[in-house]
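Coordinate analysis (summary)
Spelled out, the chains give:
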Amino acid sequence: MDSFYITISIVALIIIVALLILTRERGKIYSKPSNLATLGISLVVLGIIFSEEPVVGYSFIGIGVLLSIVDAYKNRQK
């Protein structure tokens, strides 16, 4: 059963990468992510790593998502 979920995850990753490559605009320069977005992404990854402890894992994920939303809202106004 685990190999089934791993296969689904790999197929989903391949589809996402293919869509990103196909929809990418040529020659467009992307800005680097802000410190707040980097911190949010790092907290989400830590939440996944510490998922054995639900309180700690979900707290990291929740705070990371909240920081990413705040960063997106701040960058939208620029």
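The shown structure was predicted, so the numbers you read here are calculated from the model rather than taken from an experiment.

Thresholds applied
Residues numbered from 1 in each chain as written. Predicted model: local features only at pLDDT ≥ 70, side-chain atom pairs only at ≥ 80, totals over all residues. Heavy atoms only, no water. Helix = DSSP H or I, 4+ residues; strand = E, 2+ residues; numbered from the N terminus. Rg over C-alpha atoms; globule rule 2.2 N^0.38 Å. Buried < 20%, exposed > 50% of the residue type's maximum accessible area, 1.4 Å probe, protein only. Contact = heavy atoms within 4.5 Å. Areas by Shrake-Rupley, 256 points an atom, 1.4 Å probe, with all protein chains shown as cover. Lys, Arg positive; Asp, Glu negative; His and termini not counted. Charge placed at Lys NZ, Arg CZ, Asp CG, Glu CD. Expected span 1.5 Å × (residues − 1). Salt bridge = Lys/Arg side-chain N within 4 Å of Asp/Glu carboxyl O. Phe/Tyr/Trp six-rings, centres within 6.5 Å; stacked < 30°, edge-to-face > 60°.

1. With respect to the overall build of the chain
For the chain, the helix and strand inventory stands at three helices and zero strands. What you see in the chain, going N to C, is helices and strands ordered as α-α-α. Computed over C-alpha atoms, the radius of gyration of the chain comes to 16 Å, more than 25% over the 12 Å expected from 2.2 N^0.38 for 78 residues, which places it beyond the range of a compact globule. Expressed as lengths along the three principal axes of its C-alpha atoms, the size of the chain is roughly 40 × 30 × 15 Å. A burial count over the chain gives 10% of its 78 residues as buried. Expressed as a percentage of contacts within the chain between residues at least 6 apart in sequence, the contacts between residues at least 24 apart total 43%. As presented, the chain carries roughly 6900 Å² of accessible surface, and 71% of it is formed by carbon and sulfur atoms. Charge separation in the chain, taken as the distance between the mean sites of 7 positive and 5 negative side-chain charges, equals 21 Å.

2. A word on helix α3 (residues 54-76)
For α3, with 23 residues, the first-to-last C-alpha span of 32 Å sits near the 33 Å given by 1.5 Å per residue. Buried within α3 are the following residues: Gly57, Gly64, Leu67 and Asp71. Looking at the buried side of α3, the elements it contacts are α2 (35-49).

3. Overview of the side chain of Asp71
Summarising the element assignment, Asp71 is placed in helix α3. Summary of buried charges: Asp71 has no salt-bridge partner, and the nearest side chain of opposite charge, Lys74, is 6.1 Å away.

4. Observations concerning the packing of aromatic side chains
Where two aromatic rings form a pair, the distance of their centres and the angle of their planes describe that pair. Considering all chains together, one arrives at two aromatic pairs under this definition. Arranged with centres 6.1 Å apart and planes meeting at 45°, the rings of Phe50 and Phe60 form a pair that is tilted. Of this pair, Phe50 sits in the loop between α2 and α3 while Phe60 sits in helix α3, and the two are 10 residues apart along the sequence. With a relative accessible area of 41%, Phe50 lands in the partly exposed category.

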